[in-house]
Amino acid sequence: MKRYTYITAIVICCIASACNSTNHPPIDKSKFTYFNMDRAKWLMGSWKQVTEKGITIEQWTHVNDTLNTATSYLVKGTDTVVLESIKLAQIKGDIFYMPTVAGQNNGKPVMFRFTSISDNAIVFENPEHDFPQKISYKQISDDSLVAEISGTVNGQQRSEQFSMSRIK
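Treat the numbers as computed from the prediction; the structure is a model and nothing was measured.

### Here we look at the overall build of the chain
For step 1, the next point in the chain: Within the chain one finds one helix and ten strands.
For step 2, the next point in the chain: Walking the chain from its N terminus toward its C terminus, one meets helices and strands in the order α-β-β-β-β-β-β-β-β-β-β.
For step 3, the next point in the chain: In the chain, which comprises 168 residues, the proportion classed as buried is 33%.
For step 4, the next point in the chain: Taking as baseline every contact in the chain between residues at least 6 positions apart, the subset at least 24 positions apart corresponds to 30%.
For step 5, the next point in the chain: Total accessible area on the chain is roughly 10,900 Å²; 54% of this is exposed by carbon and sulfur atoms.

### Concerning the side chain of His129
For step 1, the next point in the chain: Considering the arrangement of structural elements, one finds His129 in the loop between strand 7 (121-125) and strand 8 (134-141).
For step 2, the next point in the chain: Looking at His129, its side chain comes within polar contact range of the side chain of Asp130, at 3.2 Å.
For step 3, the next point in the chain: Residues within four places of His129 in sequence aside, it is in contact with Val110 and Phe112.

### Remarks on the sheet that holds strand 8
For step 1, the next point in the chain: An order of 1-2-3-4-5-6-7-8-9-10 is seen for the ten strands of this closed barrel, with the pairing classed as antiparallel. Here the average twist between neighbouring strands, direction ignored, is 25°.
For step 2, the next point in the chain: Taken together, the two bridges between strand 1 (residues 45-51) and strand 10 (residues 156-166) define a ladder with antiparallel strand orientation. Counted as the bridge partner of Trp47 is Arg166 from strand 10.

### So, the pattern of salt bridges
For step 1, the next point in the chain: Applying the stated criterion across every chain yields a total of four salt bridges.
For step 2, the next point in the chain: Note that Arg166 is salt-bridged to Asp143, the shortest N-O span being 3.8 Å. Of this pair, Arg166 sits in strand 10 while Asp143 sits in the loop between strand 8 and strand 9 (144-153), and the two are 23 residues apart along the sequence.
For step 3, the next point in the chain: With a relative accessible area of 32%, Asp143 lands in the partly exposed category.
For step 4, the next point in the chain: Taking the shortest distance from any N to any O, the salt bridge between Arg158 and Glu160 comes out at 2.7 Å.

### A short note on the nonpolar core
For step 1, the next point in the chain: By size, the foremost hydrophobic cluster in this structure holds 25 residues, and its most contacted members are Trp60, Tyr97, Phe124 and Tyr137.
For step 2, the next point in the chain: At the level of secondary structure, the elements contributing two or more residues to this core comprise strand 4 (79-91), strand 5 (94-101), strand 6 (112-117), strand 7, strand 8 and strand 9.

### Considerations on unusual backbone geometry
For step 1, the next point in the chain: The omega torsion of the bond from Phe131 to Pro132 falls at -5°, within 30 degrees of zero and hence cis.
For step 2, the next point in the chain: Counting through the fold element by element, Pro132 comes out in the loop between strand 7 and strand 8.
For step 3, the next point in the chain: Positive phi, normally seen in glycine, also occurs at Lys92, with a value near 50°.
For step 4, the next point in the chain: Tracing the backbone through its elements, the reader meets Lys92 in the loop between strand 4 and strand 5.

Quick notes on the rules
- Residues numbered from 1 in each chain as written.
- Predicted model: local features only at pLDDT ≥ 70, side-chain atom pairs only at ≥ 80, totals over all residues.
- Heavy atoms only, no water.
- Helix = DSSP H or I, 4+ residues; strand = E, 2+ residues; numbered from the N terminus.
- Buried < 20%, exposed > 50% of the residue type's maximum accessible area, 1.4 Å probe, protein only.
- Contact = heavy atoms within 4.5 Å.
- Areas by Shrake-Rupley, 256 points an atom, 1.4 Å probe, with all protein chains shown as cover.
- Polar contact = N/O pair within 3.5 Å; in protein donor to acceptor, adjacent residues only side chain to side chain.
- Pairing = 2+ DSSP bridges.
- Axes fitted to C-alpha atoms, helices over the stretch in contact; angles between N-to-C directions.
- Salt bridge = Lys/Arg side-chain N within 4 Å of Asp/Glu carboxyl O.
- Core = buried A, V, L, I, M, F, W, Y, C linked by side-chain atoms within 4.5 Å.

None of the figures reported here should be taken as evidence of function without further support.
Printed below as a string of C-alpha cells:
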C-alpha cells in the first residue's frame, strides 16, 4: 500500500510540475481575439523615425501564413547599424513577437505573447521580462504608426513611444 501511495504522489507531483513549468503566464482565452497574419498587414513595409541619433528604419516583411519578420536599423550618415531583428510568429496556436536585440540576452530572442488586436492596434506582453513588459503597435493612418514599449522598472512605470512614418 505504501508503494502505491508513493507512486501516486510522484505522478501527482510530476503533473503539477508540468502544469506550472511554463515560461509564459496563461492567457485568459475568454478575452482572446482571433489573430492571423492578415490582421497585421498594415504593419508590412518600411517605416522610419528621425531622431537626433539618425534615422531609425523598421522594415516588415510577410513571409507566410505563420511568420512575419522585421529588421530595425539605425542610419547615421553613411553608417548603418542593425538594432534588432523581429519575428512575429505563430507557434503551437499562440502568436509571439520575438525581438532579438543586438548586444542583449546573449543574442537570443525574448518572447512576448500576443494579448490583443483591433483593426489598428496589436499588443504583446511578457510580464516576466525586465523591461519592457509590453510592446504595442498602433496604426494612426495608412502612412503613420506609433510603437510603444512599456512596463515597470524598479517599481516605476515607464514607457517610450516611437512615432514612425511609412517610407514610400
